[in-house]
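Breakdown of the fold
Residue strings, one per chain:
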Amino acid sequence: DIYRASTTAPVNIAVIKYWGKRDPKLNLPTNSSLSVTLSQSDLRTHTTASCSASYPKEDSLLLNGAPQDVSGARTQACFRELRGLRSQLEDSDASLPKLAALPLKIVSENNFPTAAGLASSAAGLAALVRAIANLYKLPSSPTDLSRIARQGSGSACRSLFGGYVGWEQGSASNGSDSVAFQVAPASHWPSMRAVILVVSAAKKGVSSTTGMQTTVATSSLFASRASETVPKRMQEMQQAIQERDFETFGKVTMMDSNSFHATCLDTYPPIFYLNDVSRAAIKVVEAINAAAGRIIAAYTFDAGPNAVVYYLEENEKQVAGLFKTLLGEKDGWKGERGEKVEGNFA
Ligand code: DP6
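Here, residues in each chain are numbered from 1, in the same order as that chain's written sequence. Residue-level local features of this predicted model are given only where pLDDT is at least 70; pairs of side-chain atoms are given and counted only at 80 or more, and the full residue set underlies all totals for whole chains, interfaces and linings. Here the side-chain values reflect all heavy atoms present in the structure, with hydrogen atoms and water set aside.

Things to note about the nonpolar core
Within the largest apolar cluster, 50 residues are counted, with the highest numbers of intra-cluster contacts made by Ile-241, Phe-246, Phe-249, Val-309 and Tyr-310. Among the buried residues, those of types Ala, Val, Leu, Ile, Met, Phe, Trp, Tyr and Cys that are joined through side-chain atoms within 4.5 Å form a nonpolar core. Only protein chains enter the accessibility calculation, which uses a 1.4 Å probe; a residue is then buried when its area is under 20% of its type maximum, exposed when over 50%, and partly exposed in between. With 42 residues, the next largest nonpolar core counts Ala-5, Leu-104, Ala-133 and Cys-264 among its residues.

Written out as structure tokens, the structure reads:
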């Protein structure tokens, strides 16, 4: 017999950044964070999990057709947690097939080019965890699954919910309260749009995992960011979302991206994620906002040079339209809430 289940999980882009771990093993963060989930029609991972006694003994994972290493501690932690929950079910109900003991085969596909240089680990780990939970018919809630996905990759916990999603840092040393929560569904503020400017499709220089550890160890700016700046912004951001206040949403988004990259620069040796093209994108957003006389566009950058620019549908022309004119639309790969425009400012 082959047992099988499928699911999809969306990409999320943080507007308040997770940067720093208080426990690298459990992926417990030094600050809470908040993200916007992109529409699944644009950016998502589709994953099928299956298990069978007829499979080779080793668990396996294929991403876009290429075999991936599953021996890492993080993937193993997710497998172990999910198998543990399945074993509990099997122990309490002898009629259930013994799936926890069978080898797993995971097959994942991203509906966006991996070459786009977008962080796909969040959607990938979230889909992996939910696909296995579905396969095992676990009664777990999205909150429970976010606790497991967090151990695979911190930002993945936010991809278990749609819309506007927070990740509460928590204080328990076992991570029980470090989980994601929905701030508002996408339908609460449906005119939110994002354009992704692919500055470079190359793989990032310093991985988030390594980068944030070095920051925690060496940056003097980091402590105040984690203890003062971010807690205040988490409040402001949640209120801005509740009130659909784009000016505050945009301002806090840009300031938090700047704060995160300042902390990277304050790391020793310094980490440079932004490049000249990224800085040109910031200038364009500033020019758009200056022309409008208010904030109608907001940039944010993760651990790489690509810009994500948030705006409202009513300002499509002034924001995405301008970027398209500047860049030239090479491959129109558009959707309801996310849009990729590839090109160069030069
Ligand atoms: C800059 O979730 O990739 O994108 O927990 O080590 O897997 P690990 O890190 P990861 O870090 C994401 C960092 C970020 C900000 C964010 O998404 O909040």
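From this point, things continue past the structure.
Remarks on unusual backbone geometry
Note the cis peptide between Tyr-268 and Pro-269, where omega equals -5°. Helix and strand labels come from DSSP, where a helix needs a run of H or I of at least four residues and a strand needs a run of E of at least two; each type is numbered from the N terminus. Mapped onto the secondary structure, Pro-269 falls in the loop between α6 (246-265) and α7 (276-292). A positive phi is found at Asn-27, a non-glycine position, where the angle reads about 55°. Take Asn-27: it is sitting in the loop between β3 (21-23) and β4 (28-29). The phi dihedral of Lys-137 is positive, around 50°, even though this residue is not glycine. Along the chain, Lys-137 falls in the loop between α2 (121-135) and α3 (142-152).

Quick notes on the sheet that holds strand β2 (residues 12-16)
At least two DSSP bridges between two strands are required for those strands to pair. Taken together, the 4 strands give an open sheet; going across it, the order is β2-β5-β10-β11, and neighbouring strands pair in antiparallel fashion. Single-partner strands in this sheet number two, and they are β2 and β11 (180-184). The mean inter-strand angle of the sheet, taken between neighbouring strand axes irrespective of direction, is 35°. Bridge count for β2 against strand β5 (residues 33-37) is 4 bridges, and the pairing is antiparallel. Paired with Ala-14 across the two strands is Ser-35, which belongs to β5. Residue contacts are defined here by distance: any two heavy atoms, one from each residue, within 4.5 Å place the two residues in contact. To get an axis, fit a line to the C-alpha atoms, keeping to the stretch in contact for a helix; angles then go from 0 to 180 degrees between the N-to-C directions. Contacting β2 and β5, α6 crosses the sheet at an angle of about 90° to β2.

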